[in-house]
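The residues making up each chain are set out below.
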Amino acid sequence: MLKTIAGSVLALSVIGGAAAAEAPADTILLNGDVRTPSGWAQAVAIRDGVIVAVGDAKAAEAYRGPGSVVVDLNGAAVLPGLHDMHVHSHFAGLEQFACGFAYGAKPAAIAARVKECVKAAKPGDWIVGGNWVGAVFKKGEQTRAFLDKVAPNNPVLLSDESHHSIWANSKALEVAGVTRDTKDPAGGIIERDAKGDPTGVFRETATELVEKAVPAPSEELNRKALALSTAQMLSFGITSFTEATVRDSNMKTISDLSGEGVVKQRVRGCIVWTPGDAAGDRLIETRALYAKPRFKTDCVKIFMDGVPIESHTAAMLEPYKGVSNTDPANKGILLIPQPVLDEAVARFDRMGLHVKFHAVGDGAVRSAISAAEHARKVNGWAGSAHDIGHTTFADLADIPRVRDLHLTWEFSPYIWYPTPITDTDIRRAVGDEMMKRLIPIREAVASGANVVAGSDWSVVPSVNPWLAIETMVTRQSPGGGGAVIAPDERVTLDEAFRIFTENSAALMGTRDLVGSIEPGMRADVIVTERNPWKVPVTEIHATKVRMTFIDGEKVYDAANPPKLTAD
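Residues numbered from 1 in each chain as written. Predicted model: local features only at pLDDT ≥ 70, side-chain atom pairs only at ≥ 80, totals over all residues. Heavy atoms only, no water.

A. Just the state of the cysteines, in detail. Under the criterion given, the structure shown has two disulfides. Through a disulfide, C99 is tied to C117; the S-S separation comes to 2.1 Å. Taking the torsion about the sulfur-sulfur bond, which here is approximately 95°, the covalent link between C99 and C117 counts as right-handed. Separated by 18 residues along the polypeptide, C99 in strand β12 (residues 99-100) and C117 in helix α3 (residues 107-120) bring together distant segments of the chain. Overall, C117 belongs to the buried group, its relative accessible area being 11%. Each sulfur of the disulfide joining C270 and C299 lies 2.1 Å from the other. Handedness of the C270-C299 disulfide follows from its S-S torsion of about 85°: it is right-handed. (Disulfide = S-S within 2.5 Å. Helix = DSSP H or I, 4+ residues; strand = E, 2+ residues; numbered from the N terminus. Buried < 20%, exposed > 50% of the residue type's maximum accessible area, 1.4 Å probe, protein only.)

B. Structural context of the side chain of N464. Secondary-structure assignment places N464 in the loop between β24 (450-453) and α16 (465-474). Judged by relative accessible area, which is 8%, N464 ranks as buried. N464 has contacts with F236, Y414 and H541, leaving out every residue within four places of it along the chain. (Contact = heavy atoms within 4.5 Å.)

C. Structural view of the layout of surface pockets. Counted as a void, the second largest pocket has a volume near 640 Å³. Lining the second largest pocket are 24 residues, with K139, G140, E191, R203 and E310 positioned closest to its centre. Those elements that provide at least two residues to the lining of the second largest pocket are β16 (188-192), β17 (198-204) and α13 (420-430). Looking at the lining of the second largest pocket residue by residue, the classes come out as six nonpolar, seven polar and eleven charged. (1 Å grid on protein atoms, 1.4 Å probe; cavity = no way out; pocket = protein on both sides within 12 Å on 5 of 7 lines; lining within 4 Å. Points joined across faces, edges and corners; volume = space filled by probe spheres on them. Nonpolar A, V, L, I, M, F, W, Y, C, P; charged D, E, K, R; others polar.)

D. Up close: the pairing of strand β15 (residues 165-168). Side-chain alternation along β15 places S165 and W167 on one buried face and I166 and A168 on a second face that is also buried. Connecting the antiparallel pair strand β14 (residues 156-160) and β15 is a turn made up of four residues, with H163 showing a positive phi of about 65°. Where β15 meets β17, three bridges bridge the pair, whose relative direction is antiparallel. Along β17, the bridge assignment pairs I166 with F202. (Pairing = 2+ DSSP bridges.)

E. Local environment of the pattern of salt bridges. The final tally for this structure, using the stated rule, is 36 salt bridges. With a shortest N-O distance of 2.6 Å, E410 and K356 are connected by a salt bridge. Placement of E410 in strand β23 (residues 408-411) and of K356 in strand β21 (residues 354-359) is noted, with a sequence separation of 54 residues between them. Grouping residues by exposure puts E410 and K356 together as buried. Each member of the salt-bridge network shares a partner with another, and the members are R266, R294, R522, D524 and D551. (Salt bridge = Lys/Arg side-chain N within 4 Å of Asp/Glu carboxyl O.)

F. Structural detail: helix α9 (residues 278-285). Listed in full, the buried residues belonging to α9 are G280, L283 and I284. Buried residues of α9, seen end-on, are gathered within an arc of 100° and therefore sit on one face of the element. Exposed positions of α9 whose direction lies more than 90 degrees from the buried face are A278 and E285. The inward-facing, buried residues of α9 contact β18 (238-246), α8 (251-259), β19 (266-272), β20 (295-303) and α10 (338-350). The backbone nitrogen of A279 has a side-chain oxygen 3.2 Å away, supplied by the residue at the start of α9, namely D277. (Arc of directions from axis to C-beta. Polar contact = N/O pair within 3.5 Å; in protein donor to acceptor, adjacent residues only side chain to side chain.)

Spelled out as structure tokens, the structure:
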């Protein structure tokens with residue numbers, strides 16, 4: 001049942017020394033379902049980017065002036081803007097201009113697509129794209145020779161579904177200088193055939209051996225890619241996001257486009273840091289030079305491990321299924337020794353920086369929590385509520401630790417969008433028992449800790465947050481039906497929505513500005529065609545956004561949309 005604020009007025013009583021109603025609103029939204037912290041209202045008045053009234057039509061009409069833009073919503077819903085706490089907007093944009101193919105594409109389809117891309121390229125040009133899924137290949141099928149047949153004269157580099165592995169052809173290895181004598185780097189794996197030659201598949205840090213040879217995109221392409229991806233996010237109602245991978249290659253682009261107003265959202269950028277990484281340290285030291293009013297540069301990203309798929313690179317507390325107990329890598333790869341991690345996190349915490357951990361396996365999650373615990377002991381409790389990102393698996397004993405240490409859980413519920421990554425690759429790697437607690441959102445919410453969510457786009461096919469909101473409630477593929485994954489981890493719609501609004505704003509340090517619709521807040525709001533609380537839960541994924549506002553500015557209008565494709 002919808003609770004309604006009937007006949008009530010929630011408004012600022014005095015603005016600039018004058019009665020609020022005497023100062024006209026710039027925008028008035030009437031006759032809708034307006035979600036507020038205390039129930040449902042019907043109208044909102046906005047002036048100078050600030051919500052000045054929330055209530056019934058009479059309350060909002062008091063702010064009508066000659067210049068007010070009045071929108072009759074005809075029953076549409078008005079909701080707080082949504083937050084994506086883990087997205088790779090730059091890469092997601094670039095991939096749309098690359099040699100892409102469908103998620104889960106069969107080997108023949110991949111070969112056909114690469115052949116098309118080669119035909120459109122010049123000899124010697126790099127063919128870069130993805131995203132392949134390991135589960136579709138037969139044993140021994142995924143080799144550089146496979147790609148050589150369709151691209152003998154062009155170097156090819158294709159990312160996998162997780163973006164933690166690549167597949168390259170012989171020309172790419174030649175250009176990169178990778179041979180059978182090239183040793184596995186720390187934290188990386190070069191897959192080899194029976195003769196010891198590289199197969200063309202590289203895992204984790206080993207991907208850099210080939211990636212470093214790929215020419216950097218032009219700044220023109222960087223700008224075009226970021227403008228496209230952020231416009232697409234606006235069309236889904238995403239008004240704030242955390243850019244989870246900031247490096248030299250994209251820091252300036254994000255900063256410039258934010259400062260120019262091309263990127264409209266409130267953004268937090270997380271600078272990638274690894275031990276001994278001079279570029280990362282330099283970017284952290286110069287971060288303030290890139291900050292803009294809507295672009296915060298106060299976050300450091302630390303990769304703890306890989307992914308729990310066929311690569312077996314997520315750091316687990318117990319061995320992977322079917323992997324020998326004598327195999328030194330049977331629990332995956334923990335990328336940073338604990339003492340080194342402890343020291344780094346304590347340093348960043350002392351500097352007032354926020355730390356976002358990539359921690360997928362339960363072993364990596366425990367290591368990240370322990371590093372934050374060390375920072376609390378060294379620095380006290382004034383530091384940021386650092387977040388444990390992804391958390392595909394977490395040991396039961398570690399659930400209360402996050403709350404007790406004032407940290408944040410960040411989950412990736414989009415991962416069970418219908419691709420083979422979940423119910424094939426991950427299940428095969430960890431077994432059925434572990435799948436019962438996959439992405440333990442219910443446990444995290446029940447613990448009292450702050451819980452947020454991130455898409456990890458473009459690891460997933462779509463940045464659409466309504467997919468995640470629905471599947472957090474149903475634990476099924478969008479639209480319902482099929483397998484239910486870890487049903488005990490379901491949350492309510494109210495909880496799922498709070499995760500995407502108030503909780504995320506708190507993590508970004510903007511909760512005093514955004515996250516809810518009430519007087520005094522900035523007008524980061526969205527209008528949806530239907531009220532998600534008035535439709536079957538299995539239809540939430542199909543929610544359509546009519547309008548998106550940031551600071552009261554209409555930044556997306558479905559009636560007059562911007563170009564949202566790379567074509």
